[in-house]
Amino acid sequence: MGDIWRSHYWSIGKNVDLIIAEATKKEQWDYIGVSQAIRAWSWQTLTDYHGEVILKQAWEPNRFVFDYDSQEEVYAEVQRLSNLALENLNKTDGGVSQASLARGDLVYKGDRSKWTKFVYAVLARNANHLSNKSSYNPDKVIEYCNKSLASNDDNFGIPPAGTSSTDGNFYGPTRQNVQVFRPTNFFVNLLNGTVFSGVQDPRISLMITASPDGIYRGVDPGKGDPTNTTANNATTRIPTFWGNSPSVTNVAQISGKYIFTDKANHFIFTYAEIQFMKAEAAFKKGDKAMAYDAFKKGITAHMDFTKVPAAQRDAYLASAAVPQSADALTISDIMLQKYIAMWVLGSIETWVDMRRYDYSSSVYKGFAFPTAFYIDNNGKPAYRVRPRYNSEYVWNLESLAKFGGDKADYHTVKPWFMLP
Amino acid sequence: MKNKLFITSLLAGMLLSFSACDDYLDINFDPSNPQVAEGFAVLPPILSQMARGNRSIPGILGRTPKTGQGIRLITPLTSTGTFQEAMLWETYGVVTTGPSEKTSI
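### Quick look at the overall build of chain A
Within chain A one finds 16 helices and three strands. Against the 2.2 N^0.38 benchmark of 22 Å for 420 residues, chain A shows a C-alpha radius of gyration of 22 Å, consistent with a compact globule. When its C-alpha atoms are laid out on the principal axes, chain A stretches across 65 × 50 × 50 Å. Contacts in chain A between residues far apart in sequence, at least 24 positions, make up 69% of those at least 6 positions apart.

Below you can see the structure in the form of structure tokens.
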């Protein structure tokens, strides 16, 4: 739960400054740009997840308590760092060298042009998250998207070695982290035709797995697995994300599928996401033709990402599941297709999206809250995750209390980005 | 600039004149345990941490910690008032208990 906090302040944290300090001596502007890009992305993720965070006093030595800053200030910091990163990635003098950067850059192999696209992806998210504000500028979002990832080849996927449980993909079978997870009914219904005019999505068999009786099933959050009974165990049991029956426990017999294999990359940005951001911004701007074009490119990109055969992909795009004209396109189409493309791999961004639409079931068709919230929620859904317990609530409670971070229902306070 | 050129040429001169010693000197550089935190050595773990920070989130968002952990993050439903696994919004559901099982993660 505190993993993003931990990564941002500690395990990525000062290491960014270490790289910058060493790279400055050697005028390695590319290393500096990459470091700033990562920190910009990290601030963005951190504040989208937690809301108010410690910005100005972060990494300040000799402090025991740390003051929090507003999300608006963190958003500005993301822009500042992104612009610095762009400047540095644009430089070709000094110690800039693709071969040298490639030694450390396991993702883009030292290709500065791809890191530039990464920075624009951060900026696109940063600008698009403000869609509820009067200051929202869809043209900016579109401009950033156009300068960002241009194909699936530009996807930012962090490669695991995938040889053991210490270096395999977190979602892969060897790591055994997702054995108790199942797709929800909400998600299954997006793929099996329930939501989209009875058309079954060709991605369904590539992303999830049918029960032995051939039917795709999901679960409702918090209600457990109703197929987990001895009576019908054989035919209706919901398989794991790896595609095997839950009764198979020998990891050696499980190969996994989709992003749930030992060697699958961990994705931070995909081309599909960029196109869906562009579609949403163009839609809000009123340019339906551009929105429709980007929307279809987004679906196509994710179909290719999941390795759907081209004929099936095109058949789906021509089916009743997809609006057949720019005028027929709705915001719900865009956000639901984005949901499919971002499933698991882009969950933090999906949560940002759902909060921007305040969990609307007219946008997220088929999505419903649980019948009751936890008592501390006071009937409200959650809008943020509390800061990390074992630093903030143990040692920094005084600072948290200044803005209500100590309240029992603090997690239901709406973050700044989603407010008008 | 003059100084820089001077140092560069001096270094180049040193490299040329002591080139026979290069291989010998190189044994003091261990690429697995660099003495200086250079980018090529620090960047890979940072990239790995980018994945680490994000990876466990899909399951955690909307999931309540168990009693005894003392912290409530996103805390959605439970009709009984005890902490239970539950998803408020979801990317995927968490299976904890089947009708005939009472185990939970």
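### Regarding the overall build of chain B
Within chain B one finds four helices and one strand. The helix and strand sequence of chain B, counted from the amino end, reads α-α-α-α-β. Each of the 105 residues in chain B was classed as buried or not, and the buried ones make up 34%. Expressed as a percentage of contacts within chain B between residues at least 6 apart in sequence, the contacts between residues at least 24 apart total 24%.

### Describing the packing of helix H13 (residues 331-342) of chain A against helix H14 (residues 347-356) of chain A
Residue and element names in this part refer to chain A. Where H13 meets H14, the closest approach of the two axes is 9 Å, and the angle between their N-to-C directions is 160°. Here H14 runs roughly antiparallel to H13, going by the angle between their axes. Considering how the two elements wind past one another, H13 and H14 form a crossing that is left-handed. From H13, Met335, Lys338, Tyr339 and Met342 reach across to H14, where they touch Glu349, Thr350 and Asp353. Looking at the contact of H13 with H14 residue by residue, the class counts come to three nonpolar, one polar and three charged.

### Thoughts on the domain arrangement of chain A
Parsing chain A into structural domains produces domain 1 (1-105 + 369-420) and domain 2 (133-159 + 267-359). In this structure, domain 1 of chain A and domain 2 of chain A have C-alpha centres spaced 25 Å apart.

### Here we look at the nonpolar core
All names here are of chain A. Counting residues in each nonpolar core, the largest one holds 114 residues, and the members touching the most others are Ala37, Ala40, Val119, Val122 and Ala124. Broken down by element, this core gets its largest block of residues, 11 residues, from helix H2 (residues 29-50). Residue assignment places this core across two domains, with domain 1 (1-105 + 369-420) and domain 2 (133-159 + 267-359) each supplying three or more. Not counting the four nearest positions on each side in its chain, Val119 is found in contact with Ala37, Ala40, Ser82, Ala85, Leu86 and Leu89.

### Details of the environment of Leu206 of chain A
All names here are of chain A. Secondary-structure assignment places Leu206 in helix H8 (residues 204-207). Counting along the chain gives 101 residues from Leu206 to Lys307, while the straight-line C-alpha distance between them is 7.9 Å. If near-sequence neighbours (up to four positions away) are discounted, Leu206 is found in contact with Tyr258, Thr306, Lys307 and Val308.

### Focus: helix H11 (residues 288-305) of chain A
All names here are of chain A. Along its 18 residues, H11 runs 25 Å from first to last C-alpha, staying within 8% of the 26 Å computed at 1.5 Å per residue. What H11 keeps buried is the set Ala291, Tyr292, Ala294, Phe295, Gly298, Ile299, Thr300, Ala301, His302, Met303 and Phe305. As for H11, its buried residues are in contact with helix H10 (271-285), helix H12 (310-317) and H13. Looking at the residues trailing H11, positive phi occurs at Lys307, about 65°.

### So, the environment of Trp41 of chain A
Following the sequence through the fold, Trp41 of chain A ends up in helix H2. Separated by 40 residues in the primary sequence, Trp41 of chain A and Leu81 of chain A place their C-alpha atoms 9.2 Å from one another.

### Looking at the packing of H10 of chain A against H11 of chain A
Residue and element names in this part refer to chain A. Two numbers describe how H10 lies on H11: the axes approach to 8 Å, and their chain directions differ by 165°. Comparing their axes, H11 and H10 come out roughly antiparallel. Helix-helix and strand crossings are classified by hand; for H10 and H11 the assignment is left-handed. Where H10 abuts H11, its residues Tyr271, Ala272, Gln275, Phe276, Lys278, Ala279, Ala282 and Phe283 lie against Lys288, Met290, Ala291, Ala294, Phe295, Lys297, Gly298, Ala301, His302 and Phe305. Of the residues in the contact of H10 with H11, the class split is 12 nonpolar, three polar and three charged.

### Topic: the confidence of the model for chain B
Residues and elements named next belong to chain B. Mean pLDDT over chain B: 49, with 16% of residues reaching 70 or higher. The lowest-confidence element of chain B is strand S1 (residues 93-94), averaging 36 in pLDDT; the highest-confidence one is helix H3 (residues 39-55), averaging 80. Confidence drops under a pLDDT of 50 for residues 13-20, and excluding neighbours within four residues, the segment shows zero contacts in the predicted structure. Here the predicted complex scores 0.86 on pTM and 0.84 on ipTM.

### Remarks on H13 of chain A
Residue and element names in this part refer to chain A. Between the first and last C-alpha of H13 there are 16 Å, a value that for 12 residues agrees with the 16 Å anticipated at 1.5 Å per step. If you check which residues of H13 are buried, you get Asp333, Ile334, Met335, Gln337, Lys338, Tyr339, Ile340, Ala341 and Met342. Residues of H13 that are buried make contact with helix H7 (185-191), H10, H11 and H14. Positive backbone phi, at 65°, marks Val344, one or two positions downstream of H13.

### Some words on the environment of Ala58 of chain A
Residue and element names in this part refer to chain A. Within the element layout of this structure, Ala58 appears in the loop between H2 and helix H3 (71-89). Look at Ala58 and you get partly exposed, because 17 C-beta atoms sit within 10 Å. Residues Ala58 and Tyr68, 10 residues apart in the sequence, show an inter-C-alpha distance of 9.2 Å.

Calculation criteria
Residues numbered from 1 in each chain as written. Chains lettered and ligands numbered in written order. Predicted model: local features only at pLDDT ≥ 70, side-chain atom pairs only at ≥ 80, totals over all residues. Helix = DSSP H or I, 4+ residues; strand = E, 2+ residues; numbered from the N terminus. Rg over C-alpha atoms; globule rule 2.2 N^0.38 Å. Contact = placed C-beta atoms within 7 Å. Buried ≥ 20, exposed ≤ 12 C-beta atoms within 10 Å, placed from the backbone. Axes fitted to C-alpha atoms, helices over the stretch in contact; angles between N-to-C directions. Parallel < 35°, antiparallel > 145°, perpendicular 65-115°, else oblique. Left-handed = near helix turned anticlockwise from the far one by under 90°. Nonpolar A, V, L, I, M, F, W, Y, C, P; charged D, E, K, R; others polar. Domains from an automatic or database assignment. Core = buried A, V, L, I, M, F, W, Y, C linked by C-beta atoms within 7 Å. Expected span 1.5 Å × (residues − 1). pLDDT = per-residue confidence, 0-100.

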